[in-house]
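Observations on the model geometry
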Amino acid sequence: MIKYRVKTTTFKPSNLDTQSEFAMIELLRKRRSIRVYEDRKIEPEKIEILKEALLRSPSSRGINPWEFIFVDNKELLKKLSKAKEHGSEFLEDAALGIIVCGNEKRSDVWVEDCSIASILVQMVVQSMHMGSCWIQIRNRMHTKEITSEAFIQELFNIPRHIKVESVISIGYPAEIKPGVLKEKLPLKKIKMNRF
Ligand SMILES: Cc1cc2nc3c(=O)[nH]c(=O)nc-3n(C[C@H](O)[C@H](O)[C@H](O)COP(=O)(O)O)c2cc1C
């Protein structure tokens, strides 16, 4: 059996690192999921920027199969926080939840398109000094019999062909989490030229 020596890549120090135009990597270095929020509203102009970010998300063949529902009503947020048995409860205290949906009749890659929109809006949230967490809805259960998706479709009167990928919970952070240290990144995941 031939044994390949796997050549992995290494981080090389670079002065590009410190330049402010590389702001995106700075955001990523600090990025963490935030699940505890201040009792504070999001300014309307920031909400407008979040809408813009979502609508600027790239999608396959530019079909834009997504649909978004912004939820800032406390009662609705409380109901929405019960979408999953675990892992959605903190939505109750968020200032905003964005339900990210995709029209399966319009695109066979709505999952990818919705995922891109979900992460991009999270990064823009962070750039405006707020925090967020992705709540997985697709393939998750509300109860043993009812899917999280069906629960949300019922609650918001969403047609069955409009699938639900995620809910992004957003608010001003009331928890501090340090970014992952560069030395802790699993560099072995990246190979050079062969697996
Ligand atoms: C596709 C996806 C689904 C996730 N679903 C949930 C979820 O349902 N509930 C939750 O609390 N966090 C969820 N998360 C957040 C992850 O748990 C989190 O990103 C991971 O543990 C790493 O932590 P960090 O984001 O703080 O670096 C999800 C993240 C992704 C990317």
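Let me begin by describing the structure that accompanies this report. (Residues numbered from 1 in each chain as written. Predicted model: local features only at pLDDT ≥ 70, side-chain atom pairs only at ≥ 80, totals over all residues.)

Some thoughts on the overall build of the protein chain
We count it as follows: Helix and strand assignments come from DSSP, with helices taken as H or I runs of at least 4 residues and strands as E runs of at least 2, each series counted from the N terminus. The burial criterion counts other C-beta atoms lying within 10 Å of a residue's C-beta, which is placed from the backbone; the residue is buried at 20 or more, exposed at 12 or fewer, and partly exposed between these limits. Whether two residues are in contact depends on their C-beta atoms, placed from the backbone: they are in contact if these lie within 7 Å.
Broken down by element type, the protein chain carries five helices and four strands. For the protein chain, the N- to C-terminal ordering of α and β elements is α-α-β-α-β-α-β-α-β. Taking all 195 residues of the protein chain together, 26% fall into the buried category. If you take every contact in the protein chain between residues at least 6 apart in sequence, the share linking residues at least 24 apart comes to 79%.

Focus on the sheet that holds strand S4 (residues 162-171)
Pairing between the strands of a sheet is mediated by backbone hydrogen bonds and can be parallel or antiparallel. We apply this condition: By definition, two strands form a pair when at least two bridges between them are found by DSSP. Axis definition: a line fit to C-alpha positions, over the contact stretch in the case of helices; interaxial angles, taken between N-to-C directions, run 0 to 180 degrees.
Within the open sheet, the four strands sit side by side as S1-S2-S4-S3. Their pairing is antiparallel. A strand with exactly one partner marks an edge of an open sheet, and here the two such strands are strand S1 (66-71) and strand S3 (131-136). Recorded for the sheet is a direction-independent mean angle of 20° between the axes of neighbouring strands. Looking at chain direction, strand S2 (residues 96-103) and S4 are connected through eight bridges and run antiparallel.

With respect to the site of the ligand
Put simply, the rule is: Residue proximity rests on one test: whether the C-beta atom, placed from the backbone, lies within 6 Å of the molecule or strand. Each residue gets one label: Ala, Val, Leu, Ile, Met, Phe, Trp, Tyr, Cys and Pro are nonpolar, Asp, Glu, Lys and Arg are charged, and the others, such as Gly, are polar.
All residues adjacent to the ligand are Arg32, Ser33, Arg35, Gly87, Cys133, Trp134, Ile135 and Gln136. Along the lines of polarity and charge, the residues of the shell around the ligand split into three nonpolar, three polar and two charged.

Examining unusual backbone geometry
One non-glycine residue, Arg61, lies in positive phi territory at about 55°. Within the secondary structure, Arg61 sits in the loop between helix H2 (44-55) and S1. One non-glycine residue with positive phi stands out, namely Asn64, at about 50°. Following the sequence through the fold, Asn64 ends up in the loop between H2 and S1.

Notes on the packing of H2 against helix H4 (residues 110-127)
Two measures define how a pair of helices packs: the angle their axes make with one another and the distance between the axes. Short version of the rule: If you view the pair so one helix is near and one far, a crossing is left-handed when the near helix is turned anticlockwise from the far one by less than a right angle, and right-handed when it is turned clockwise.
Remark: H2 packs on H4, axes separated minimally by 9 Å, with the N-to-C direction vectors making an angle of 145°. The hand of the H2/H4 crossing is right-handed. Listed contacts from H4 to Ile49, Leu50, Ala53 and Leu54 of H2 are Ala117, Leu120, Val121, Val124 and Val125. Tallied by class, the residues present in the contact of H2 with H4 amount to nine nonpolar, no polar and no charged.

Notes on the environment of Ile137
With respect to the element layout, Ile137 can be found in the loop between S3 and helix H5 (148-156). You can call Ile137 buried: it has 25 C-beta atoms within 10 Å. As a C-alpha pair, Ile137 and Val100 span 37 residues in sequence and 9.3 Å in three-dimensional space. Setting aside residues up to four positions removed in sequence, Ile137 forms contacts with Ala83, Ser148, Glu149, Ile152, Val164, Glu165, Ser166 and Val167.

Examining H5
Applied cut-off: The arc in question is traced by the directions running from the helix axis to the C-beta atoms.
Within the span of H5, buried status applies to Ser148, Glu149, Phe151 and Ile152. Along the axis of H5, the buried residues cluster in a sector spanning 160°; they form a single face.

By themselves these figures say nothing about function.
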